[in-house]
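# Secondary and tertiary structure notes
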2 protein chains.
Amino acid sequence: MEVTRKNYKDCLNTVYSAIEEADFLAIDGEFSGISDGPNVSALTNGLDTPEERYTKLKKHSMDFLLFQFGLCTFKYDQAKYITKPFNFYIFPKPFNRTSPDIKFICQSSSIDFLASQGFDFNKVFCHGIPYLNQEEEAQLREQTEERRNQHANGVGTPSFISPSSSKGSSHVPEEHKDFINKVVEKVEALLGNSEKTLDLEPCTGECCLKPCLCFDRLAWFPKGLHVETVETEKKERYIQISKVDEEERKRREQQKLEREQASYQMFLGKLVVGHNMLLDVMHTIHQFYCPLPEDLQDFKEVTMCVFPRLLDTKLMASTQPFKELITNTSLAELEKQLKESPFKSPQVETAEGFPSYDTAQEQLHEAGYDAYITGLCFIAMANYLGSFLTPPKAYISARSKLIEPFFNKLFLMRIIDIPYLNITGPDLQPKRDHVLYVTFPKEWKTSDLYQLFSAFGNIQVSWIDDTSAFVSLSQTDQVQIAMNTSRYAESYKIQTYAEYIQGKQQEKEKQTTKTWGEDSWVKPHYTCSTTSGFGYSRCSKRSISPMQGEQGADDAQITDGWSHYSYPDTTGTKKMKTDGVSIRVFICTVFLGGVVFSVVVCSRVPLGKYLAEDESRWHGE
Amino acid sequence: MEVTRKNYKDCLNTVYSAIEEADFLAIDGEFSGISDGPNVSALTNGLDTPEERYTKLKKHSMDFLLFQFGLCTFKYDQAKYITKPFNFYIFPKPFNRTSPDIKFICQSSSIDFLASQGFDFNKVFCHGIPYLNQEEEAQLREQTEERRNQHANGVGTPSFISPSSSKGSSHVPEEHKDFINKVVEKVEALLGNSEKTLDLEPCTGECCLKPCLCFDRLAWFPKGLHVETVETEKKERYIQISKVDEEERKRREQQKLEREQASYQMFLGKLVVGHNMLLDVMHTIHQFYCPLPEDLQDFKEVTMCVFPRLLDTKLMASTQPFKELITNTSLAELEKQLKESPFKSPQVETAEGFPSYDTAQEQLHEAGYDAYITGLCFIAMANYLGSFLTPPKAYISARSKLIEPFFNKLFLMRIIDIPYLNITGPDLQPKRDHVLYVTFPKEWKTSDLYQLFSAFGNIQVSWIDDTSAFVSLSQTDQVQIAMNTSRYAESYKIQTYAEYIQGKQQEKEKQTTKTWGEDSWVKPHYTCSTTSGFGYSRCSKRSISPMQGEQGADDAQITDGWSHYSYPDTTGTKKMKTDGVSIRVFICTVFLGGVVFSVVVCSRVPLGKYLAEDESRWHGE
C-alpha cells in the first residue's frame, strides 16, 4: 500500500491495526545518498573501532534524506504468514514560513541508481508525508502558543491578519484567498455571536492545503478557540472550531494525548527486522526523533528507546549455522539462496486489499518490497533453526528463544574482526596485537608499505588517510621486531595498535574535559517513556516487567538446539542488563494539512538497499 | 522542445542552428534551492556592498543544482519574431566509477514550490543530460590517457579486463555483459587481423548505455585504436573502431577540434537576455565552466569571457523610463503589464515543430517558458524605447544603441542604494555617510535600537547578524552627534560606515597577504579564447575588432531619443574599456553515452524564477 500526504489520514488506522496484529515487522529505507565526504571505501576502514565507524557515519551520512520508508507486517495465522506491505513516501514539506526549511543532500550516484530502478521521485517531492522531529514539533508548538499569548496580552499583531490587507499574506496562493477570507469572516462572526461551534465545509480532493493555510491564520486568533478535525458518517472530514475556555481546551488536549498513548501501548514487545540496518536505524532516529548523540554509548541508549528489539538479517546470515551455507549475504542473493535446500520458502500470503509482491519479478529498492523480502529471509532462517530441535520444528515464532542470540546486533560492514555493533552491551574487542599504526609522508603508496615490511611475509594494509594506515602482520611476534627496526626511522613512524588507541583515548578525554568545563555541558541520558505527553515527550526512565513465558511450548527444549552452533557474542561480550521489554514503537510525528498527527510507524529502517545490495560500493573497487 | 539524455544527440544540430540564426537569446534556470545557510532575508542586507553580496551568494547558493536550463531563441523576420524554445534537463549522472560523484543540496521549500508547479523531477533524475566542467573533463581525459599509457608500457593491467573474469566489472549490468563480451571479442579479432576498421551495430532505443560501458573497457585497450561515432544515411548512429598510428590519431582529433571551433565562431555578438539573472549567471559558470573565483573582480572577468553581452530585464524594468510605468517587476507581472498601453505586445510566432506557449495559460517556472516570456518582455521594452525617437520607431533591434545602456548590468536584489552589479566596470559607490555600524549584545532586538536612536527621528535598521546592524539616520549631520554620545557606552559600539569599510578592507588585506605568503598562490587572470582546443581550453587573451556599424540605419538619430531619460550609470560609474565584442557563447561540455560532446548552449541563466517571482522570499517577511 502506498502511503502519501494525500491518503495518509485514511491509511492511518489500517497501519495501526496491521502493526497491532503482527507477530513481527520488517522495515527498509531508501536514502538520497550514502556519503557526502570521501567515497565509501575511503570512509570505512577494515580496522575501525565501532566508535570510529559510528562517528564517520554520523558525520558523512546524516545529511541525506530518508525519502521512502518501507514497512511490512507479518502475522502468523494457520500455518502461514499474512503480510501487509506499506510504502511511505517522505518529504519535509515546510509547514509554514516559520517551520524548518530542511536542506538535504543528494548524491548523484545514488539518485542515478534509484532512477535506474524506476524510483518515483515525483511521488516523493509532490506527495511525500511531511514530518518534524520532537524538538522541531515542540518549537512549533511554542511559537504558536507565543503568538496566541501575544494577542491575549494585546501585544503586537491584531487578532488576525486580514488576507487582503497584509503583505504577510503574500504566500497565500491566489486561488485560496477567497476560501480563507470566508473562513476568517465566519470565525469573526463566531467570536461575536452566541454560537458555540463553527463547522467548516468538508475537505475534498485538492483542498487539503486550505485548512493548512487557514490554521496558519487561526494561530493568530485569541485563546478560547479549539480547532479539531471531525469525521462525518460518510467519512468526510471537516474542521470544527469551538469556543472553549482554557480549562476545557486543556481537558480536550489531555484526552487526545490519552487516546494516542493507549494506541501505542499495544506495540509492546514486537520484533523489528531489517537487513544491514545500522544506517537505517541511524537515519530514522536522526530524521524523526532527535539529532544523533555524539557518543556511541548514547546512541545505543536512544536506539533501545526507539527500537527495543532489532534483528539484522545480514548479521544473522553471516553467523553460524548460516555462515557456512550462505555465500552471498546481499538481500537479493540471500532471498534466492533461502529458497533452496536446506532452507524452505516460507508460506506467505498478502492480505486482502494489499498489492501482492512476486519475488520472481524483483522489485528491489522499493522500500516496501525490500522490507517484504527481508521478512521472508528472517522467517526462512528462523524456521531452519527449528531443525536443530529434538524433535525438529518446522515453525519458529518471532518470540522463540532460538532467535534471541541475534537480537540487537547490527551488522558492521567491512570491519575485519568485529561482525556487529552490539546495541545492548559492550562491543567485541578483538585482539589487534598484530596490527601496527604507521604514519608516513603523503607521497607513499601501498607499494612503499609492502617494501617497508617486505621482511615480514604477508601483510595487510588498511588505509586510514593520506599519511597513515594500519598494517596487519601475519604473526604477532613480528610486532616487536618491526618496532625495534623503526626506532631510528625519520620518514615514517610506527606505533602498536594499543599505543594508537591509548593516544586516541587521551585526545578524547582532553576534548571532553574541555567541553564540560566550557559550556557546563551535561551529558544527556536516554531512557524510554510512554507516559509523558506525546509530542512533547522526551525519553525518561521506565520499567516494565521482564517478558516471560512468551515463547511457545515448542521452544522448551531449546538447549538441545543451542549446542549445535556458536554465536558471535560468545567471544567476549557481556550482556547488558536491560529493563526487560520496553516500547518498540518508533514515533514519527507528522504534520499533515496543518494538524499535528502522531504516527506510530513502529519502525526502524534497514540499511538502505543501496548499501546492502550494491555491495560493490562497499566491498568492490 | 524538451532536451534530455535520450534525444540530446539528435537535437544538437537543431539547437546550433536556432542559436546561429537568432537575433538574441533568452535564458532561464531552475535550481534545487536558493540558500543553504540563513534564509534569504537574513542572508541579504540592504546595505551589502556588491563584494559582500557576491561572497554570500557564492558561499550559500552554489551547492544547489541547476537542473533545468531554458533557452529561447528569437529571430526577427518580416515584422515578427520567430521563437524556438528549449528545455534542457540537467543531471550530473556519473560517467563511470572514477568520474566525479557530485553531491548537491536540495532545499525543501524550493523543491516543494517546484513540485506545486508540476515540475517533473523524474525527467531530471532519469533523463537529465550529464556534464563536466572544464577541469573535470581534463582530469577524466588525463586518467584515460594514463591508463592507455600504462598499458603501452606494459605496466599493471592486461590489455583489457575481461567482463567475465574480473571483479572490476561488477558494475556492468547483467543484461549488458553479453553485448560487451561480443565487442571485446571483435576488437581482439581486429587487433589480430588485417582489417583496418570495425563497425559496431547501430545504437537504437535503450542501448545508449552500451557504448558507454564499452568505452569504459576500451580505455584499457592499447594505443593505436581510434573510436568514433558515425552516422549512416538513415540517421542511425554506430561506433567505428579503427586501427590508426599515433600521428593519424592526433590528426583526427585536431580535425574534430577545428570543426567544433568553426561551429562556435558563428555565435559572436549575440545578446543573451535574462530576468533577475545574477544567480543564474553564477550557477551556470560554476556548474559548467569553472568553480567561481573568490574575488568579485575575477568573477566579472570570467563572466565577460562566458557571457560577453548580457541584459537583465528586471534591471531594465526598474530603470527609467520604465521605472515610472511598471509597479511590479516580477517576471509574471512584468509580462502582464507590458501587454498594456503604453507598451505593445510583440508579434511572435513559434517556429514549426516547436511546442507553442500560450501566455494566457501561465506555465511559469518551466525554464523554457520563463526564458520565452523574458524574451517577450525585452522586446516590448526595447520597442517602447523606439517611441522616443524622431520619427518614432515601432521595432528596435537587439543590436540597437538604444539598449546599450542596459548591457552587462545585473539586478541586485534588496540592496537599497545599488541597483545593479556592473559586470564591465566598477560598481556604484553610493554615499553611505548617514549610516552607522552598531555592535551590541545578542539579546538586543530592533526595539532596543529604536530606543537607542530615539532622539534622531526616523531611522532604518538593517540587521547584519545577532550582534550587529546598520542604522541609517535620516540626516547625515546626526552622525557626529551619535558618535559623540556613544563614546562612553559600554554595552554597544558605534562606527561610521567609512570606518566599518576600512576595517573590513584591512582584514581582507591581512588575509590576502597570508594566502600569498603561505601557498605561493597566484591570482588567476581570466580572459577569453576560442583558439585553444575545446575541452582543454582555458580563458586566454583575445582581441576582436570592436563591433561597428551593426545597428540599423533606423537608430542613427539615437541622441534625440536619449535625452528623454537618464540611466543609472550616469550616477558615477566609469565605463571599463572592453576588447570590443568577443564570444558570447557559453560552452557547456556534456558527457553523453560515453562520448565527449561539446555543446554550445550559448547561454547564461536568468535568476531562477523562484527568486524573481516569489519575491516574498526576498522582499517579504
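Attention in this report is confined to the structure presented alongside it. All of these numbers come straight from a predicted model, not from anything done at the bench. (Residues numbered from 1 in each chain as written. Chains lettered and ligands numbered in written order. Predicted model: local features only at pLDDT ≥ 70, side-chain atom pairs only at ≥ 80, totals over all residues. Heavy atoms only, no water.)

### Regarding helix 4 (residues 108-116) of chain B
An α-helix turns once per 3.6 residues; consequently, residues spaced three or four apart project the same way. All names here are of chain B. Counting buried positions along helix 4 yields 8 of 9 residues, so the element is predominantly enclosed. Along helix 4, the residues classified as buried are Ser108, Ser109, Ser110, Ile111, Asp112, Phe113, Leu114 and Ala115. Once helix 4 finishes, Gly118 follows within two positions and takes phi at roughly 80°, a positive value. (Buried < 20%, exposed > 50% of the residue type's maximum accessible area, 1.4 Å probe, protein only. Helix = DSSP H or I, 4+ residues; strand = E, 2+ residues; numbered from the N terminus.)

### Concerning the relation of the copies chain A and chain B
Note: a rotation about an axis with an accompanying shift along it relates these two copies of the chain. The two copies are related by a screw motion: chain A maps onto chain B through a turn of 180° and a shift of 0.1 Å along the axis, at an RMSD of 0.1 Å. This pairing of chains is accounted for by a two-fold axis. Ranked by how close their C-alpha atoms come to the rotation axis, the residues of chain A are headed by Ile105 of chain A, at 2.1 Å. Counting the interface residues of chain A, we find that 100% of their copies in chain B are interface residues as well, pointing to one common contact surface. (Least-squares fit on C-alpha atoms with pLDDT ≥ 70 in both. Contact = heavy atoms within 4.5 Å.)

### Notes on the packing of helix 3 (residues 50-61) of chain B against helix 10 (residues 278-288) of chain B
Between two packed helices, the angle of one axis relative to the other and the distance separating the axes together describe the packing. Residues and elements named next belong to chain B. Across the interface, helix 3 lies against helix 10 with an axial gap of 11 Å and an inter-helix angle of 55°. Relative to helix 10, the element helix 3 lies oblique. Of the two possible hands of crossing, helix 3 and helix 10 adopt the one that is right-handed. For the pair helix 3 and helix 10, the contacting residues are Tyr54, Leu57, Lys58 and Ser61 in the first and Leu278, Leu279, Met282 and His283 in the second. (Axes fitted to C-alpha atoms, helices over the stretch in contact; angles between N-to-C directions. Parallel < 35°, antiparallel > 145°, perpendicular 65-115°, else oblique. Left-handed = near helix turned anticlockwise from the far one by under 90°.)

### Observations regarding helix 14 (residues 367-386) of chain B
Taking 1.5 Å as the rise per residue, helix 14 of chain B with 20 residues should run 28 Å; its terminal C-alpha atoms sit 29 Å apart, in good agreement. Burial analysis of helix 14 of chain B places 20 of its 20 residues in the buried class, the great majority of the element. (Expected span 1.5 Å × (residues − 1).)

### A word on the sheet that holds strand 16 (residues 468-473) of chain B
Residue and element names in this part refer to chain B. Strand order in this open sheet of 4 strands is 15-16-14-17, and the pairing throughout is antiparallel. Edge positions in the sheet fall to strand 15 (459-465) and strand 17 (493-496), since each of these pairs with one other strand and no more. With direction set aside, neighbouring strand axes in the sheet form an average angle of 25°. Summarising the sheet, strand 14 (residues 435-439) and strand 17 pair through 4 bridges and their orientation is antiparallel. The residue bridging Tyr437 from the neighbouring strand is Gln495, located in strand 17. Seen against the sheet, helix 16 (residues 478-486) touches strand 14, strand 16 and strand 17 and runs at an angle of roughly 150° to strand 17. (Pairing = 2+ DSSP bridges.)

### Topic: the pattern of salt bridges
Overall, the coordinates contain 30 salt bridges over all chains when judged by the stated rule. Between Glu333 of chain B and Lys336 of chain B there is a salt bridge, with its nearest N and O atoms 3.6 Å apart. Note that Glu333 of chain B and Lys336 of chain B are positioned in helix 13 (residues 331-337) at a spacing of 3 residues, about one turn of the helix. Overall, the relative accessible area of 37% leaves Lys336 of chain B in the partly exposed class. Salt bridges sharing common partners tie together Asp48, Arg53 and Lys56 of chain A. (Salt bridge = Lys/Arg side-chain N within 4 Å of Asp/Glu carboxyl O.)

### A look at the packing of aromatic side chains
Residues and elements named next belong to chain A. In this structure the tally under the stated criterion is 74 aromatic pairs over all chains. Residues Phe440 and Trp463 carry aromatic rings whose centres are separated by 5.5 Å and whose planes lie at 85° to one another, so their mutual orientation is edge-to-face. Linking Phe440 in the loop between strand 14 (435-439) and helix 15 (446-452) with Trp463 in strand 15 (residues 459-465), this pair joins segments that are 23 residues apart in sequence. What makes Trp463 partly exposed here is its relative accessible area of 30%. Between the aromatic rings of Phe453 and Phe456, the centroid separation amounts to 6.1 Å while the plane-to-plane angle is 50°, which identifies the pairing as tilted. (Phe/Tyr/Trp six-rings, centres within 6.5 Å; stacked < 30°, edge-to-face > 60°.)

### Brief notes about the sheet that holds strand 16 (residues 468-473) of chain A
All names here are of chain A. One open sheet holds the 4 strands; their spatial order is 15-16-14-17, and the pairing between them is antiparallel. Sheet topology places strand 15 and strand 17 (493-496) at the edges, where each strand pairs with a single neighbour. Neighbour-to-neighbour, the strand axes of this sheet turn through a mean angle of 25°, independent of strand direction. Helix 16 (residues 478-486) contacts strand 14, strand 16 and strand 17 of the sheet and is inclined by roughly 150° relative to strand 17.

### Considering the side chain of Asn383 of chain B
Residue and element names in this part refer to chain B. With respect to the secondary-structure elements, Asn383 resides in helix 14. Polar side-chain contacts of Asn383 include one of 2.9 Å to the backbone nitrogen of Ile396. Asn383 has contacts with Lys393, Ala394, Tyr395 and Ile396, leaving out every residue within four places of it along the chain. (Polar contact = N/O pair within 3.5 Å; in protein donor to acceptor, adjacent residues only side chain to side chain.)

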